[in-house]
Amino acid sequence: VTHASPAGSVRLAVNGDLCRGHGRCYSLFPDLFDADDQSMSHVISDTAPATEAVQAASNCPERAITIREVTP
Amino acid sequence: MTSPDIPLVDFDHWGPEYAADPVRNNLRYGAKCPVAFNPRHGGFWFVTGHDEVARVTRDDATFSSHHDLPTGSTPFVGTQHPPLPFRVTPIEIDPPVHGKWRTGLGPDFSPAAVKKLRDKMLEYTTWCIDEKIETGEIDLLADVASPVPAMINMDVMGVPSERGPEFAYLSHAIAYTNPESAEFLPTYKAYTDAVASLAAIVEERKKHPRQDVISTLAHLQIDGEPITDGEIMEVLDLIISAGIDTTASAIACSLKYLDDDRDARQMLIENPALMPSAVEEFLRIFSPVQVLARTATRDVELGGQQISAGERVLVSWAGANVDERTFPDPASVILDRFPNRHAAFGFGVHRCIGSHFARAEMNTVISEVLKRMPDYTLASGVRKYTAIGVIQGYVNLPATFTPGARTGPASFPA
């Protein structure tokens with residue numbers, strides 16, 4: 001998923017085994033992600049607008065963000 | 001390893017030709033990769049593909065950063081090629097031990113730590129610009145791009161920020177002075193003496209810890225054992241050498257670019273919201289840390305080439321950043337490029353720990369220069385580093401501009 005802009009909302013997840021704390025997601029979308037004291041990211045919102053979720057996932061240097069399901 | 005089927009790139013990454021135009025050269029060598037063999041410096045694999053660089057640097061078990069001492073006693077000689085005669089701590093330590101160092105240092109470099117120093121960053125930038133604003137003349141490198149990251153670096157470590165300019169000057173001189181020139185030894189000695197002088201602060205923090213990196217290191221235990229004084233100094237050396245001139249270089253390259261491309265400058269002046277993505281794009285195209293090395297621990301196939309256990313692998317972050325499979329139109333600076341999964345801070349567990357500071361410093365300094373010296377024009381005599389090896393940048397960046405008024409306090413904002 002890199003170019004699609006689906007409508008609706010999705011469930012996001014950050015894979016803690018892959019995240020290395022680049023912080024690209026929480027810099028860009030502070031309403032969706034936050035950093036811990038090791039700079040690692042976690043989601044703070046259960047659901048996210050699909051467009052923003054796709055953008056965050058496509059911009060992650062470690063490919064650590066997955067979009068789990070789409071709800072209409 | 002030199003069969004006709006193996007793509008060869010024959011260039012010296014420490015040579016003047018490579019340093020003259022790294023972007024063009026990375027594109028040129030990248031066309032022969034993603035993985036090619038370079039016969040120079042004892043022979044090594046040169047990895048430029050974005051996917052291949054990511055694969056190498058996420059697989060520490062196969063591509064080791066480990067550095068055995070004395071250097072050369074085993075094939076494991078760390079992250080620079082040719083290798084340094086000493087170990088760089090903790091980047092030349094592999095997982096799982098590396099993670100223990102990293103976890104100890106993590107909070108001092110987190111976004112929360114950056115947020116605490118945001119005001120200082122602006123105060124230092126204002127002070128640096130104020131020192132020159134009435135004259136109409138400035139060296140954007142020596143007067144702003146270098147001292148601001150240095151002063152923040154001092155705050156992070158727990159060293160008086162007044163020492164920032166001294167460390168800015170020395171870490172810059174170390175980066176651009178040719179190791180074979182007569183100036184190198186005295187420059188190197190001045191640098192190591194300055195780093196060694198921090199030992200007194202280490203002793204003080206052992207007794208009276210504060211919230212800073214020196215206190216963290218003075219009390220850091222790995223597997224229940226305190227780290228040694230020597231290791232503390234090694235980490236401080238790394239924080240200084242990797243944390244000042246890299247960011248200074250990124251800022252200098254950006255300001256040089258914005259001198260050449262006045263349309264881009266105007267866009268950023270009119271639309272400051274563009275700055276965060278512009279900073280990412282400057283990091284991609286200028287990649288201050290161009291390359292770092294690994295050693296293969298086993299025979300492995302990478303990018304169609306067969307790498308043997310014990311061989312050296314030079315990872316080109318800068319090459320990955322102009323890989324057209326990942327970045328369309330890679331040679332163009334596109335201020336709102338998105339997505340931009342650049343490798344300027346590396347990948348994997350060794351991702352640059354100072355990256356959040358670096359971004360904030362770039363954003364603050366470039367924004368303030370554009371705000372207060374919007375018509376700056378580079379003067380004659382701009383000099384690039386004559387050798388890259390690891391870091392690329394500018395020796396100086398003299399500029400003229402329409403003079404303005406001071407906006408900050410008259411004395412140093414310590």
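Please read all numbers here as calculations on a predicted model, not as lab measurements.

(A) Highlighting the overall build of chain A. Across its full length, chain A holds two helices and five strands. Listed N to C, the secondary structure of chain A is β-α-β-β-β-α-β in terms of helices and strands. Classification of the 72 residues of chain A by burial places 44% in the buried group.

(B) Up close: unusual backbone geometry. Residue and element names in this part refer to chain B. Backbone torsion omega between L69 and P70 reads -5°, so that peptide bond is classified as cis. Note on placement: P70 falls in the loop between β3 (63-64) and α4 (97-105). Along the chain, T89 connects to P90 via a cis peptide bond; the corresponding omega equals 0°. Tracing the backbone through its elements, the reader meets P90 in the loop between β3 and α4. The backbone of D223 shows a phi angle near 55°, a positive value even though the residue is not glycine. Phi at D329 is positive, roughly 50°, even though this residue is not glycine. Along the chain, D329 turns up in the loop between α16 (317-320) and α17 (355-372).

(C) Expanded view of the sheet that holds strand β11 (residues 377-378) of chain B. Residue and element names in this part refer to chain B. Within the open sheet, the three strands sit side by side as β4-β14-β11. Their pairing is antiparallel. Edge positions in the sheet fall to β4 (137-139) and β11, since each of these pairs with one other strand and no more. Bridge analysis of β4 against strand β14 (residues 398-400) gives three bridges, and the strand direction is antiparallel. Residue pairing for β14: I138 is matched across the bridge by A399.

(D) Examining the sheet that holds strand β10 (residues 312-316) of chain B more closely. Residue and element names in this part refer to chain B. Taken in spatial order, the five strands of this open sheet run β1-β2-β10-β7-β3, and their pairing is mixed. In the strand order of this sheet, the two ends are held by β1 (35-38) and β3, each with one partner. Where β3 and strand β7 (residues 291-296) come together, two bridges link them in antiparallel fashion. Residue F63 lies in a different strand from β7, and its bridge partner there is A296. In the packing of helix α3 (residues 50-58) onto the sheet, the strands contacted are β1, β2 (44-47), β3, β7 and β10, and the crossing angle to β10 comes to about 125°.

(E) Structural view of the environment of A175 of chain B. Residues and elements named next belong to chain B. Topologically, A175 is positioned in helix α8 (residues 164-176). The spacing of A175 and A387 is 212 residues in sequence and 9.0 Å in space, taken between C-alpha atoms. When sequence neighbours within four positions are dropped, the list of residues in contact with A175 reads D245 and Y385.

(F) Looking closely at a nonpolar patch on the surface. Side chains of F86, L185 and Y188 of chain B sit close together on the surface and give an oily, nonpolar patch of about 290 Å² of accessible area. With respect to the secondary-structure elements, L185 of chain B resides in helix α9 (residues 184-196).

(G) Fine view of the confidence of the model for chain A. Residues and elements named next belong to chain A. When pLDDT is averaged across chain A, the result is 89; 86% of the residues are at 70 or more. The weakest mean pLDDT in chain A belongs to strand β5 (residues 65-71) at 81; the strongest belongs to strand β2 (residues 33-35) at 98. Every residue in residues 1-5 scores below 50 in pLDDT, and together they form seven contacts with partners more than four places removed in sequence or on other chains.

(H) Geometry of the pattern of salt bridges. Residues and elements named next belong to chain B. Tallied over the full model, the rule gives 22 salt bridges over all chains. For the salt bridge of E166 with R163, the shortest nitrogen-to-oxygen distance reads 3.1 Å. According to the relative accessible area criterion, E166 is partly exposed, its value standing at 31%. Salt-bridge contacts for R337 lead to E281; the nearest nitrogen and oxygen are separated by 2.9 Å. Placement of R337 in the loop between α16 and α17 and of E281 in helix α15 (residues 275-286) is noted, with a sequence separation of 56 residues between them.

(I) Seen up close, the packing of aromatic side chains. Residue and element names in this part refer to chain B. Evaluated as defined, the whole model comprises 14 aromatic pairs over all chains. Taken together, a centroid distance of 5.1 Å and an interplanar angle of 40° make the contact between F11 and Y18 tilted. As far as burial versus exposure is concerned, F11 and Y18 are alike and both buried. Relative to F357, the ring of F109 lies with its centre 6.4 Å away and its plane at 90°, an arrangement referred to as edge-to-face. Residue F109 is found in the loop between α4 and α5 (111-133), and its partner F357 is found in helix α17; the two are separated by 248 residues along the sequence. According to the relative accessible area criterion, F357 is buried, its value standing at 5%. One aromatic cluster is present, built from ring pairs that chain together F11, Y18, Y29 and F46.

(J) Spatial organisation of the interface of chain B and chain A. Across the boundary between the two partners, chain B contributes 21 residues, which contact 19 residues of chain A. By the criterion of area lost to chain A, the three top residues of chain B are F338, R341 and R351 of chain B, representing 35% of everything that side buries. Our enumeration of links across chain B and chain A arrives at two salt bridges. The shortest N-O distance in the salt bridge between R24 of chain A and E280 of chain B comes to 3.6 Å. Viewed at the interface, chain A and chain B are joined by 12 residue pairs in polar contact (both at pLDDT 80 or more). Elements represented by at least two residues in the side of chain B that touches chain A include exactly α4 and α17 of chain B. Residues belonging to the side of chain B that touches chain A are distributed by class as follows: seven nonpolar, eight polar and six charged.

So, how was this worked out
The written sequence of each chain sets the order in which its residues are numbered from 1. Chain letters and ligand numbers both follow the written order, the letters beginning at A and the numbers at 1. Side-chain atom pairs in this predicted model are given and counted only at pLDDT of 80 or more, local residue features only at pLDDT of at least 70, and totals for whole chains, interfaces and linings cover all residues. Values reported for side chains reflect all heavy atoms of the structure, with hydrogen atoms and water molecules removed beforehand. The helix count covers DSSP runs of H or I at least four residues long, the strand count covers runs of E at least two residues long, and both are numbered beginning at the N terminus. For each residue, the accessible area found with a 1.4 Å probe, counting protein chains only, is set against the maximum for its type, and the residue is called buried under 20%, exposed over 50%, and partly exposed in between. Pairing between strands is defined by DSSP: at least two bridges between the two strands are required. The contact definition used throughout considers only heavy atoms, calling two residues in contact when any of these lie within 4.5 Å. As a rule, the C-alpha atoms of each element are fitted with a line to give its axis, helices using only the stretch in contact, and angles between N-to-C directions run from 0 to 180 degrees. Within the patch definition used here, like charges are joined within 9 Å and nonpolar side chains (Val, Leu, Ile, Met, Phe, Trp, Tyr) within 5 Å, considering only residues with over 30% relative accessible area and no salt bridge. What sets the accessible areas is the Shrake-Rupley method with a 1.4 Å probe; for residues, cover comes only from the shown protein chains. A side-chain nitrogen of Lys or Arg and a carboxyl oxygen of Asp or Glu constitute a salt bridge if their distance falls within 4 Å. Confidence of the prediction at every residue is given by pLDDT, a number between 0 and 100. Stacked, edge-to-face and tilted are the three classes for Phe, Tyr and Trp ring pairs, Trp counted by its six-membered ring, which pair at centre distances within 6.5 Å; planes under 30 degrees apart are stacked, over 60 edge-to-face, the rest tilted. Values labelled buried area give the accessible surface lost by two parts on being combined, using a 1.4 Å probe and summing over both. Counting of polar contacts relies on pairs of N or O atoms within 3.5 Å, with two restrictions inside protein: one atom must be capable of donating a hydrogen and the other of accepting it, and residues adjacent in sequence are counted only when both atoms are side-chain atoms. When residues are grouped by polarity, Ala, Val, Leu, Ile, Met, Phe, Trp, Tyr, Cys and Pro land in nonpolar, Asp, Glu, Lys and Arg in charged, and all others, Gly among them, in polar.

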